[in-house]
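Fold and contact review
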Amino acid sequence: MTQIGVLTGGGDCPGLNAVIRAVVKTAQRYNWRTLGFRYGWRGMIENDFVVLDQNSVSGILPKGGTILGTSRTNPCKKPEHIAKVKETMQKNNLAALIAIGGEDTLGAANKLHKEGVKVIGCPKTIDNDLNATDYTFGFDTAVNIATECIDRLHTTAESHNRVMVVEIMGRHAGWIALEAGIAGGADVILIPEVPINVDEVCELIRNRHSRGKTFSIVAVAEGAAMENQNIVLEEKLDAFGHVRLGGIGNRLGDLIEKKTGFETRVTVLGHIQRGGTPTAFDRVLGTRFGVKAVELVKAEKFGHMVSLQGRNVVDVCLEEAVGKLKTVPPDLYEMAKIFFG
Ligand code: F6P
């Protein structure tokens, strides 16, 4: 019997289970068996897997997280780990491995493909910063959660005449802050792509309040920086060389209060944005990606990734997806600025 593998790597995100379910069900149509490798690339290094059948994927569609577990293990850090991944492929006679992940997981998939591993990529990240796909699943859910939080912050901000700073996820790209900020009617949106000018932010808030408004909402992405200096929660690097970001909300809140004199509160949304049930959009996108990923295995298009382009699910080279990040284009940010202040 043909066997394929599937793994979920990097930060979890809503919609991962929709992909796993679609992979298993589509593979079954070809009478293939699916092995689910646990905790991302770690499962491939340690040959740690579960056999996935109809029953294992029953009822998982609306569930957040991933039934396989995930980790930020980098299989390409040590040559012996690359060898282990190859050994696992051989030992289980895997026709292919479907790697579901973001820039790091798929970057590793691309390197392993060059090493002869038969891999297909499936893009996920709430940050939506992966190149060569219009959207990744998880993003829509995160935007909806962050938008709801901004709506909720509005009512308390208005009742207390306060400035509310809301820190939103987005390490290198400000997609969630931008879209939730637009949808939630934030008065200022700050993203990693554009350095923060605190005086300008304060000026916008002062002008707004001089018009008679008594409250303001500032949406800031965790990766947004003042004077090109990210604020870091933890200096320790993960396996892919990332520090943990966080703290810009508090820093900015302090400065706004000091410079404007307006009482200011800070809310850090954190992992609330990644947890819980996926939106219908993310369930459908995850399902379409999972089906397409198995079709790519069938067509032996190894080294390719499924991708959403317009309304179509197509495939692109992994190389194209991991070469550079998809950041917020300047014209979109300029458009958002019409609503500032
Ligand atoms: O990459 C997705 C993401 O949620 C980023 O927005 C955030 O910076 C990071 O993961 C947080 O990672 P962790 O869950 O490891 O703290």
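What this report covers is the structure whose coordinates are included nearby. (Residues numbered from 1 in each chain as written. Predicted model: local features only at pLDDT ≥ 70, side-chain atom pairs only at ≥ 80, totals over all residues. Heavy atoms only, no water.)

**Thoughts on unusual backbone geometry**
Of note, Asn 128 is a non-glycine position whose phi angle comes to about 55°, a positive value. Residue position: Asn 128 is located in the loop between β5 (119-123) and α6 (139-160). By relative accessible area, which is 1% here, Asn 128 ends up buried. (Helix = DSSP H or I, 4+ residues; strand = E, 2+ residues; numbered from the N terminus. Buried < 20%, exposed > 50% of the residue type's maximum accessible area, 1.4 Å probe, protein only.)

**Regarding the packing of helix α1 (residues 16-29) against helix α10 (residues 280-298)**
Think of two packed helices as two axes; the pair is described by the angle between the axes and how far apart they sit. Relative to each other, α1 and α10 sit at 40°, their axes nearing to 7 Å. Put simply, α1 runs oblique to α10. When you trace α1 past α10, the crossing you get is right-handed. Residues Ala 18, Val 19, Ala 22, Val 23, Thr 26 and Ala 27 of α1 touch α10, and the partners they reach there are Arg 283, Gly 286, Thr 287, Gly 290, Val 291, Val 294 and Glu 295. (Axes fitted to C-alpha atoms, helices over the stretch in contact; angles between N-to-C directions. Parallel < 35°, antiparallel > 145°, perpendicular 65-115°, else oblique. Left-handed = near helix turned anticlockwise from the far one by under 90°. Contact = heavy atoms within 4.5 Å.)

**Side note on the sheet that holds strand β3 (residues 49-52)**
If you trace the seven strands from one edge of the open sheet to the other, you get β3-β2-β1-β4-β5-β12-β13, paired in mixed fashion. Both edges of this open sheet fall to β3 and β13 (312-317), since each of them pairs with a single strand only. Across the sheet, the mean angle separating the axes of adjacent strands is 30° when strand polarity is ignored. As paired elements, strand β1 (residues 3-8) and strand β2 (residues 33-37) share five bridges and run parallel to each other. Paired with Ile 4 across the two strands is Thr 34, which belongs to β2. The sheet strands contacting helix α5 (residues 103-114) are β1, β4 (94-101), β5 and β12 (304-309), and the helix crosses β4 at an angle near 155°. Against the sheet, α10 touches β1, β4, β5, β12 and β13, its axis set at about 140° to β12. (Pairing = 2+ DSSP bridges.)

**Let's talk about the nonpolar core**
With 79 residues, the main nonpolar core has Ile 98, Leu 190, Ile 196 and Leu 252 as its most contacted residues. Element by element, the count of residues in this core is highest for α6, at nine residues. Each of two domains, domain 1 (3-137 + 278-322) and domain 2 (140-275), supplies a minimum of three residues to this core. In this structure Ile 196 touches Leu 190, Val 201, Val 220, Ala 224, Ala 225, Met 226, Ile 248 and Leu 252, once residues within four positions along its chain are discounted. Listed in part, the 25 residues of the second largest apolar core include Ile 82, Ala 99, Leu 106 and Val 119. (Core = buried A, V, L, I, M, F, W, Y, C linked by side-chain atoms within 4.5 Å. Domains from an automatic or database assignment.)

**Concerning the site of the ligand**
As a matter of local geometry, the ligand sits amid Arg 72, Ile 126, Asp 127, Met 169, Gly 170, Arg 171, Glu 222, His 271 and Arg 274. At a separation of 2.8 Å, an oxygen atom of the ligand approaches a polar side-chain atom of Asp 127. Contact between the ligand and His 271: an oxygen atom at 2.8 Å from a side-chain N or O atom of the residue. Its free accessible area being 400 Å², the ligand has 81% of it covered by the protein chains. (Near = heavy atom within 4 Å. Polar contact = N/O pair within 3.5 Å; in protein donor to acceptor, adjacent residues only side chain to side chain. Areas by Shrake-Rupley, 256 points an atom, 1.4 Å probe, with all protein chains shown as cover.)

**So, the packing of aromatic side chains**
For the structure on display, the rule yields six aromatic pairs. On the basis of an interplanar angle of 20° and a centroid distance of 5.9 Å, the ring pair of Tyr 135 and Phe 139 is categorised as stacked. On the basis of an interplanar angle of 75° and a centroid distance of 6.0 Å, the ring pair of Tyr 333 and Phe 340 is categorised as edge-to-face. Take Tyr 333 and Phe 340: they sit in the same class, and that class is buried. Ring pairing ties together the aromatic residues Tyr 135, Phe 139 and Phe 281, which thus form one cluster. (Phe/Tyr/Trp six-rings, centres within 6.5 Å; stacked < 30°, edge-to-face > 60°.)

**Some points on the sheet that holds strand β7 (residues 188-190)**
Read across the sheet, four strands follow the order β7-β8-β6-β11 without closing on themselves; strand pairing throughout is parallel. Of all strands in the sheet, those bounded by a partner on one side alone are β7 and β11 (264-268). Strand-to-strand twist of the sheet, defined as the mean angle between neighbouring strand axes without regard to direction, takes the value 15°. Strand contacts of helix α7 (residues 175-184): β6 (163-168), β7 and β8 (216-221), with the helix running at about 170° to β7, the strand carrying the most contacts. This element, helix α8 (residues 198-210), spans β6, β7 and β8 of the sheet and lies at about 160° to β8.

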